[in-house]
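Each chain is listed here by its residues.
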Amino acid sequence: MTHLLLTGAGFSKNWGGLLASEVFNDLLSASELDQTTRDMLYKANEPRGGGFEAVLARLQGATDAANVKRCETLTSVLAGIFNMMGGAYMQRQFEFAAIPDTRYSLTPFLGRFDTIFTLNQDTLIEQKYLPGLPTRRAHLPGLKFMNPSAMTGAVQDKFAMMEPNPSDFHLSPSIQPYIKLHGSVNWMESNTGQRMLIMGGAKTAFLGRFPLLKWYQDEFRKALMQPGARLMVMGYSFSDEHINDAIFTTSKTAP
């Protein structure tokens, strides 16, 4: 039997991670955003407005210079919010008790899953769960550090900037993969300088731009199709159509 875990923002919330509504509030306080972007955010916060991700999707599809610049600024501010979350995680312990009861310890619980998938772009798991380099049982497949020579052994090394590593686009049966389906705040394509941080209302279109993330989507569907696959969902609001489609369509066809 294959045991899979899918986490969303509600999972990280336990350690101070932000939900979409809280990210929206932080965006409104960002001085980098111009009034046009703020007006778009206010309108998107109305019922059925789609929230800040609707604004980002609109700007991501823009071709005029002014809105392209707004998109870059909004993305940069969002990355800054995630980086602040990462800094806050450093001050928190992962387990919910100083001396955790082994029956309820979080680290062994996560270790029971064959694969951990997440929709989060924060670095909670990199900091608190993935063991230190170079020997680790869980890892981020298909990635490498952009500047490994700068590693100092500090906790910050665990969420240093990373880039795709096509030679590692495979999963090892002996190592637990941690797969970030929507990218991460610390991932970048070094050849284009583009952040691999998928947000907004048009996620499916943008996922196709990155071979690594396309491979991740394929692996998600393949894992769900494994005989006897069991999926646990934690902290996901079921608001991403492409993820819902993968879950519901494979549940009907899985052996």
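Right above here is the structure, for reference.
For clarity, every value in this text was computed on a predicted model and none was experimentally measured.

Novice: Pulling in residues and values, what's your account of the overall build of the protein?
Specialist: Each helix and strand in the protein was counted, giving 10 helices and nine strands. Relative to the globule expectation of 18 Å for 255 residues, the C-alpha radius of gyration of the protein, 18 Å, shows essentially globular dimensions. C-alpha atoms of the protein, sized along the principal axes, occupy 50 × 45 × 40 Å. A buried classification covers 45% of the 255 residues belonging to the protein. When contacts within the protein are restricted to residue pairs at least 6 apart in sequence, long-range pairs at least 24 apart make up 69% of them. For the protein, the accessible surface area stands at approximately 12900 Å², while carbon and sulfur atoms represent 54% of it. Between the centroid of the 24 positive side chains of the protein and the centroid of its 23 negative side chains there is a distance of 3 Å.

Novice: How would you explain the sheet that holds strand E2 (residues 115–118) if you had to name every residue and give the values?
Specialist: If you walk across this open sheet you meet the five strands as E3-E6-E2-E1-E9, and the pairing is parallel. Strands at the two margins of the open sheet, each flanked by one partner only, are strand E3 (138–139) and strand E9 (230–234). When E2 meets strand E6 (residues 176–180), the two strands line up parallel, connected through three bridges. When the bridges of E6 are listed, isoleucine 116 appears paired with tyrosine 178. Contacting strand E1 (3–7), E2, E6 and E9, helix H9 (residues 211–224) runs over the sheet at an angle of about 125° to E6.

Novice: Can you break down the pattern of salt bridges residue by residue, with the values?
Specialist: Pairs can form between side chains of opposite charge once their charged atoms are near each other. Counted according to the given criterion, the structure contains eight salt bridges. Measuring nitrogen to oxygen at the nearest pair gives 3.4 Å for the salt bridge that ties lysine 222 to glutamate 219. On the criterion of helical spacing, the pair formed by lysine 222 and glutamate 219 is a turn pair, its members being three residues apart in helix H9. Aspartate 245 is the partner of arginine 221 in a salt bridge, and the nearest nitrogen-oxygen pair spans 2.5 Å. Of this pair, arginine 221 sits in helix H9 while aspartate 245 is found in helix H10 (residues 241–253), placing the two residues 24 residues apart along the sequence.

Novice: How would you sum up the pairing of E2? Please name residues and give values.
Specialist: Neither face of E2 is exposed, since Thr115 and Phe117 on one face and Ile116 and Thr118 on the opposite face are all buried. In this structure, E1 lies alongside E2, joined through four bridges in parallel fashion. The partner of leucine 6 across the bridge, within E2, is phenylalanine 117.

Novice: Residues and numbers for the layout of surface pockets, please.
Specialist: Of the volumes computed, that of the largest pocket is approximately 800 Å³. Along its surface, the largest pocket is lined by 38 residues, and Ala20, Glu53, Lys203, Ser239 and Asp240 are the ones closest to its centre. At the level of secondary structure, the elements contributing two or more residues to the lining of the largest pocket comprise helix H1 (9–12), helix H2 (20–28), helix H4 (51–60), helix H5 (65–89), helix H8 (203–207) and H10. Along the lines of polarity and charge, the residues of the lining of the largest pocket split into 16 nonpolar, 16 polar and six charged.

What counts, and at which threshold
Residues numbered from 1 in each chain as written. Predicted model: local features only at pLDDT ≥ 70, side-chain atom pairs only at ≥ 80, totals over all residues. Heavy atoms only, no water. Helix = DSSP H or I, 4+ residues; strand = E, 2+ residues; numbered from the N terminus. Rg over C-alpha atoms; globule rule 2.2 N^0.38 Å. Buried < 20%, exposed > 50% of the residue type's maximum accessible area, 1.4 Å probe, protein only. Contact = heavy atoms within 4.5 Å. Areas by Shrake-Rupley, 256 points an atom, 1.4 Å probe, with all protein chains shown as cover. Lys, Arg positive; Asp, Glu negative; His and termini not counted. Charge placed at Lys NZ, Arg CZ, Asp CG, Glu CD. Pairing = 2+ DSSP bridges. Axes fitted to C-alpha atoms, helices over the stretch in contact; angles between N-to-C directions. Salt bridge = Lys/Arg side-chain N within 4 Å of Asp/Glu carboxyl O. 1 Å grid on protein atoms, 1.4 Å probe; cavity = no way out; pocket = protein on both sides within 12 Å on 5 of 7 lines; lining within 4 Å. Points joined across faces, edges and corners; volume = space filled by probe spheres on them. Nonpolar A, V, L, I, M, F, W, Y, C, P; charged D, E, K, R; others polar.

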